[in-house]
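Chain by chain, the residues:
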Amino acid sequence: MTVPLRCVVLISGTGTLLNALLEAIDAGKVDAQVVAVGADRAAPGLQFATDRGIDTFIVKLDRGGDRAEWDRALTEATASFHPDLVISAGFMKLVGRWFLERFGGRFINTHPALLPSFPGAHAVRDALAASVEVTGCTIFAVDEGVDTGPIIAQTAVAVLPGDDEASLHERIKVEERRLLIKVVKEWRRNHE
Ligand code: GRF
């Protein structure tokens, strides 16, 4: 018996990626444990953790607030759960130097485009605006750039005639959920 991989998941929004991972763990498909879920705001997705009795924490960055201080507070809150892996799943903030020094190489992010195409906060909109026929999702190890870190896994998704940002993003998220579960499942074999 191996000890389950300890994961802290960071979110900002609805948390459907988080929930997919939690369901896969509940179903015994992934040998991992989400030991805490953190957010930068009162994210609705925190409820998925609360419902399961998983610890949650919120580290807010106020407008005009001190980013370095926020970064340290986020680092300490995350580190207090001793994660093997930290997952940004729809966490809409860039972390700073402290966080990366502590978790670099084991801090991953999921992005709704085939990086290095369409980095940034509007990846789905940007892909549509560029009239690409294929986009997708990427899981990568976070570095100090914006969506520039080493790519771990990708899945392609076709853009369909009539797609708008919402319909395309929803189809990408179906693949993002699958890909995240796969990456977490294979993490130890590939990275330890
Ligand atoms: C995902 O597409 C993620 O890549 C993006 O935000 C979405 C998160 O969705 N940055 P959810 O909050 O897990 O539903």
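As shown above, the structure is provided for reference.
Keep in mind that this is a model prediction, so the values were computed, not measured.

Undergrad: Before we go on, may I ask you to explain helix H3 (residues 67-79) in this structure?
TA: Counting along an α-helix, one turn takes 3.6 residues, and residues three or four places apart therefore face a common direction. Taking 1.5 Å per residue, 13 residues should reach 18 Å; H3 reaches 18 Å between its end C-alpha atoms and fits that length. Looking at H3, one finds that the buried residues are Trp-70, Asp-71, Leu-74, Thr-75, Ala-77, Thr-78 and Ala-79. Put simply, Asp-66 is the residue that caps the front of H3, since its side-chain oxygen is 3.0 Å from the backbone nitrogen of Ala-68.

Undergrad: Looking at this structure, how should I read the packing of helix H1 (residues 16-26) against helix H6 (residues 165-191)?
TA: A pair of packed helices is captured by two measures, namely the crossing angle of their axes and the spacing between those axes. As a packed pair, H1 and H6 sit with axes 9 Å apart at the nearest point and diverge in direction by 45 degrees. Classified by the angle their axes make, H1 and H6 are oblique. The handedness of the crossing between H1 and H6 comes out as right-handed. Across from Thr-16, Leu-17, Ala-20, Leu-21 and Ala-24 in H1, the residues of H6 making contact are Lys-173, Glu-176, Arg-177, Leu-180, Ile-181 and Val-184.

Undergrad: What am I meant to see in the site of the ligand here?
TA: Of all residues adjacent to the ligand, which total 13 residues, the nearest are Thr-14, Thr-16, His-169, Lys-173 and Glu-176. Here Thr-14 contributes a side-chain N or O atom positioned 2.6 Å from an oxygen atom of the ligand. The contact in question runs from an oxygen atom of the ligand to an N or O atom on the side chain of Thr-16, over 2.6 Å. Coverage of the ligand by the protein amounts to 90% of the 370 Å² it exposes when considered alone. For the shell around the ligand, the elements supplying multiple residues, two or more each, are H1, strand E5 (107-111) and H6. The leading source of residues in the shell around the ligand is H6, at 3 residues.

Undergrad: Just checking my understanding: could you explain the nonpolar core for this structure?
TA: Note on soluble globular proteins: their nonpolar side chains tend to be buried together. Grouped together as the largest cluster of nonpolar side chains are 36 residues, with contacts concentrated most on Val-9, Val-37, Ile-87 and Val-184. Only strand E1 (5-11), H1, strand E2 (32-39), helix H2 (46-51), strand E4 (85-88), strand E6 (134-141), strand E7 (151-158) and H6 provide two or more residues apiece to this core. Among the elements that take part in this core, H6 stands out by supplying 7 residues, more than any other. For Ile-87, the contacting residues outside a window of four places in its chain are Cys-7, Val-8, Val-9, Leu-10, Leu-21, Phe-107, Ile-108, Leu-180 and Val-184. Residues Val-35, Val-59, Leu-61 and Phe-91 belong to the second largest nonpolar core, which totals 22 residues.

Reading guide: rules and limits
- Residues numbered from 1 in each chain as written.
- Predicted model: local features only at pLDDT ≥ 70, side-chain atom pairs only at ≥ 80, totals over all residues.
- Heavy atoms only, no water.
- Helix = DSSP H or I, 4+ residues; strand = E, 2+ residues; numbered from the N terminus.
- Expected span 1.5 Å × (residues − 1).
- Buried < 20%, exposed > 50% of the residue type's maximum accessible area, 1.4 Å probe, protein only.
- Polar contact = N/O pair within 3.5 Å; in protein donor to acceptor, adjacent residues only side chain to side chain.
- Axes fitted to C-alpha atoms, helices over the stretch in contact; angles between N-to-C directions.
- Parallel < 35°, antiparallel > 145°, perpendicular 65-115°, else oblique.
- Left-handed = near helix turned anticlockwise from the far one by under 90°.
- Contact = heavy atoms within 4.5 Å.
- Near = heavy atom within 4 Å.
- Areas by Shrake-Rupley, 256 points an atom, 1.4 Å probe, with all protein chains shown as cover.
- Core = buried A, V, L, I, M, F, W, Y, C linked by side-chain atoms within 4.5 Å.

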